[in-house]
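Here are the chains, one letter per residue:
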Amino acid sequence: MKPAFEIRERSRVYVGPVGDLLAGALPEGRVVVVTDATVERLFAPLLAPYERLLVGQGEASKTLRTVGELYERLIDLGADRSTFILGVGGGIVTDVAGFVASTYMRGLRFGFVATTLLAQVDASVGGKNGVNVAGYKNMAGCFAQPDFVVCDPAMLRPLPDREFRAGLAEMVKAALIADGDLFAALERSSFAALREAPEQLRDLITAAIRVKADIVGRDERERGERRKLNLGHTLAHAIEKCSDRMNHGEAVAVGIALMAGAARQLGLLDAAQCDRIVRLLERLGFDLQPPVPLERLLREAGHDKKNEQGTLHIVLPAGIGDCVVRDIPTAEFATLFTDAR
Ligand code: GLY
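Our subject in this report is the structure included herewith.

What counts and how
Here the residue numbering is sequential within each chain, running from 1 through the sequence in written order. Totals for whole chains, interfaces and linings use all residues, but because this is a predicted model, local features are given only for residues with pLDDT of at least 70 and pairs of side-chain atoms are given and counted only at 80 or more. Side-chain numbers here rest on the full set of heavy atoms in the structure, without hydrogens or water. We call a residue near a molecule or strand as soon as one heavy atom of that residue lies within 4 Å of the molecule or strand. Under this definition, polar contacts are N or O atom pairs within 3.5 Å; protein pairs additionally need one hydrogen-donor-capable and one acceptor-capable atom, and for neighbouring residues in sequence, both atoms have to be side-chain atoms. Throughout, the Shrake-Rupley method with a 1.4 Å probe supplies accessible areas, and for residues the shown protein chains are the sole cover considered. Throughout this entry, Asp, Glu, Lys and Arg are counted as charged residues, while Ala, Val, Leu, Ile, Met, Phe, Trp, Tyr, Cys and Pro are counted as nonpolar. The remaining residues, Gly among them, count as polar. Put simply, DSSP marks the helices as runs of H or I at least four residues long and the strands as runs of E at least two long, and each gets a number from the N terminus on. Here, a strand pair is defined by DSSP locating no fewer than two bridges between the strands. Salt bridges are defined by distance alone: a side-chain nitrogen of Lys or Arg within 4 Å of a carboxyl oxygen of Asp or Glu. The buried label applies to any residue whose accessible area, calculated with a 1.4 Å probe on protein chains only, is under 20% of its type's maximum; exposed applies above 50%, and partly exposed to all values in between. Between the N-to-C directions of two axes lies an angle of 0 to 180 degrees, each axis being a line fitted to C-alpha atoms and, for a helix, fitted only over the stretch in contact. A contact between two residues is defined here by any heavy atoms of the two lying within 4.5 Å. In this scheme Phe, Tyr and Trp rings, the latter by its six-membered ring, pair at centre separations within 6.5 Å, and the angle between planes marks the pair as stacked below 30 degrees, edge-to-face above 60, and tilted otherwise. Helix span is expected to be 1.5 Å times the residue number reduced by one. Throughout this description, the term nonpolar core refers to a set of buried Ala, Val, Leu, Ile, Met, Phe, Trp, Tyr and Cys residues connected via side-chain atoms within 4.5 Å.

1. A few points about the site of the ligand
Within the structure, the ligand sits among D122, K128, K212, E222, R226, L229 and N230. At 2.9 Å, a side-chain N or O of K128 approaches an oxygen atom of the ligand. The contact in question runs from an oxygen atom of the ligand to an N or O atom on the side chain of K212, over 2.7 Å. Bound to the protein, the ligand loses 90% of the 200 Å² it would expose on its own. Looking at the shell around the ligand, its residues break down into one nonpolar, one polar and five charged.

So this is what it looks like as structure tokens:
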């Protein structure tokens, strides 16, 4: 089967049935799967042929300690430079598996089967791998493209509603950045319909991946345009640092809504466009109330890893399907939210 996308002629992204695709995508030779206990149980027949290493679940497992444990397990298994690492799971598994694979013995080949909506439309695609350090998101990591990513919408059926919704936040983000048609399609749909209509979902997943694949194809190492993919993330990371009430996608939804408000304050969005963004997020079921006071989030945003020498690269929607990156002094970030207070 032809990949839906090929990023920088190195990383193929397939959208379709995993059973057909995986056999064709994997190279000959030894494959070690990195996954978690839930994914291992849900997709036992798919994973049965492979040696498996498990990582814990939740952000708390995305650490250098987990990475160290996986290195030791790979040594115990006698994994060598010819071993292929297959990360099967959501964003935590793919971030950790990609980091381990691209650093163990100076780098093994690897690929992913993304089993959550968030991983399919964002985390597994684009070659960012890494772990959190001292509670700060993705502070240690590397850019390394997986040989392939398989995204099978049918694998999303067992996903809890809350996890599914988290992926929708990244889909809204992709739509806002560069695809007004995707945004309109999401407006015409509903949470329930997206859960029930795999065909529709397949097209929307493909559209969201296209946004990311195009941008990463032009700016793999986030020197400029790729920063757009961080829309809503400066505040989302601050939310995740200050509170464990929201998962990543839920925090991104709050971050997008706040940045839409800032864009309106700056005159980049009109009131109707800003309302459309907030209404879509609310209709998909997101609670847009930050879980901690905005002042605290703004203080925390000063420590974002994308803060370079006192400057934040902030991403603002500039229409539905368009956004801009602006560099502002960290100290001025708070002034963008005077309307929200
Ligand atoms: N999740 C943002 C990026 O991959 O660049």
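There is more to say after this.
2. With respect to the side chain of H313
When you line up the elements, H313 lands in strand β11 (residues 311–317). Within polar-contact distance, the side chain of H313 engages the side chain of D327 at 2.7 Å.

3. Observations concerning the sheet that holds strand β10 (residues 307–308)
Pairing in this open sheet of three strands is antiparallel, and the strands run β10-β11-β12 from one edge to the other. Since the sheet does not close on itself, it has two edges, and those belong to β10 and β12 (323–329), each with one partner. Relative to β12, β11 runs antiparallel, the two sharing seven bridges. In the sheet register, L312 faces β12, and the bridge partner there is I328.

4. As for the pattern of salt bridges
Following the criterion strictly, the structure yields 18 salt bridges and no others. For the salt bridge of K173 with D122, the shortest nitrogen-to-oxygen distance reads 3.2 Å. Of the two residues, K173 sits in helix α7 (residues 161–178) while D122 sits in helix α6 (residues 117–123), which places them 51 residues apart along the sequence. Taken individually, K173 and D122 each receive the classification buried, so the pair is uniform in this respect. Between K128 and E222 there is a salt bridge; the shortest N-O distance is 2.5 Å. You can see K128 sitting in strand β7 (residues 128–133) and its partner E222 sitting in the loop between α10 (198–218) and α11 (233–242), a full 94 residues away along the chain.

5. Things to note about the sheet that holds strand β1 (residues 5–7)
Across the sheet, seven strands lie side by side as β1-β2-β9-β6-β5-β3-β4; this open sheet has mixed pairing. Two strands in the sheet have a free side with no partner beyond their single neighbour: β1 and β4 (51–55). Here the strands of the sheet are splayed against their neighbours by 20° on average, with no regard to which way each runs. Each of β3 (31–36), β4 and β5 (84–89) is contacted by helix α4 (residues 64–77), which is oriented at about 160° to β4, the strand it contacts most.

6. Some thoughts on the pairing of β11
The buried count for β11 comes to six of seven residues, which makes it a mostly enclosed element. Examined bridge by bridge, β10 and β11 share two bridges and lie antiparallel to one another. Bridging from a neighbouring strand, E308 pairs with T311 of β11. Linking two consecutive strands that pair antiparallel, namely β10 and β11, is a turn of two residues; a positive phi of about 45° is found at Q309 within it. Turn length for the β11-β12 hairpin, with the two strands adjacent in sequence and antiparallel, is five residues, and the turn residue G319 shows positive phi of about 140°.

7. Here's the deal with the environment of F43
Tracing the backbone through its elements, the reader meets F43 in the loop between α2 (37–42) and α3 (44–47). Counting along the chain gives 84 residues from F43 to G127, while the straight-line C-alpha distance between them is 24 Å.

8. Remarks on the packing of aromatic side chains
Scanning the entire structure with this criterion turns up five aromatic pairs. On the basis of an interplanar angle of 5° and a centroid distance of 5.7 Å, the ring pair of F84 and F148 is categorised as stacked. Placement of the pair is F84 in strand β5 and F148 in strand β9 (residues 148–151), with a sequence separation of 64 residues. Grouping residues by exposure puts F84 and F148 together as buried.

9. Some remarks on α11
Burial analysis of α11 places nine of its ten residues in the buried class, the great majority of the element. Every buried residue belonging to α11 is among H233, T234, L235, A236, H237, A238, I239, E240 and C242, and all of these are buried. Taken together, the buried residues of α11 touch β8 (136–143), α7, α12 (248–265), α14 (294–301) and β11.

10. Thoughts on helix α5 (residues 91–103)
Residues three or four positions apart in an α-helix share a direction because the helix packs 3.6 residues into each turn. Counted at 1.5 Å a residue, the expected span for α5 with its 13 residues is 18 Å, and the 18 Å between its end C-alpha atoms agrees. With eleven of 13 residues buried, α5 lies mostly within the body of the structure. Among the residues of α5, G91, V93, T94, D95, V96, A97, G98, F99, V100, A101 and S102 are the ones counted as buried. Residue M105 follows α5 closely and has a positive phi angle near 50°.

11. Digging into the nonpolar core
Generally speaking, nonpolar side chains in soluble globular proteins are found buried as a group. Core analysis: the biggest nonpolar cluster contains 105 residues, and M171, F333 and F337 have the highest contact counts within it. Residue contributions to this core peak at eleven residues, all from α12. For F337, the residues in contact, after removing those within four places along its chain, are L235, L258, M259, A262, Q265, L294 and L298. Core analysis: the next-biggest nonpolar cluster, separate from the first, contains 18 residues, V18, L21, L22 and L86 among them.

12. Here's the deal with the pairing of β3
Buried residues dominate β3, accounting for six of its six residues. Here β3 shows no split at all, with V31, V33 and T35 on one side and V32, V34 and D36 on the other all buried. Direction of pairing for β3 relative to β5: parallel, over a ladder of four bridges. For V32, the partnering residue across the bridge sits in β5 and is I85. In this structure, β3 lies alongside β4, joined through five bridges in parallel fashion. Residue pairing across strands places V32 opposite E51, the latter belonging to β4.

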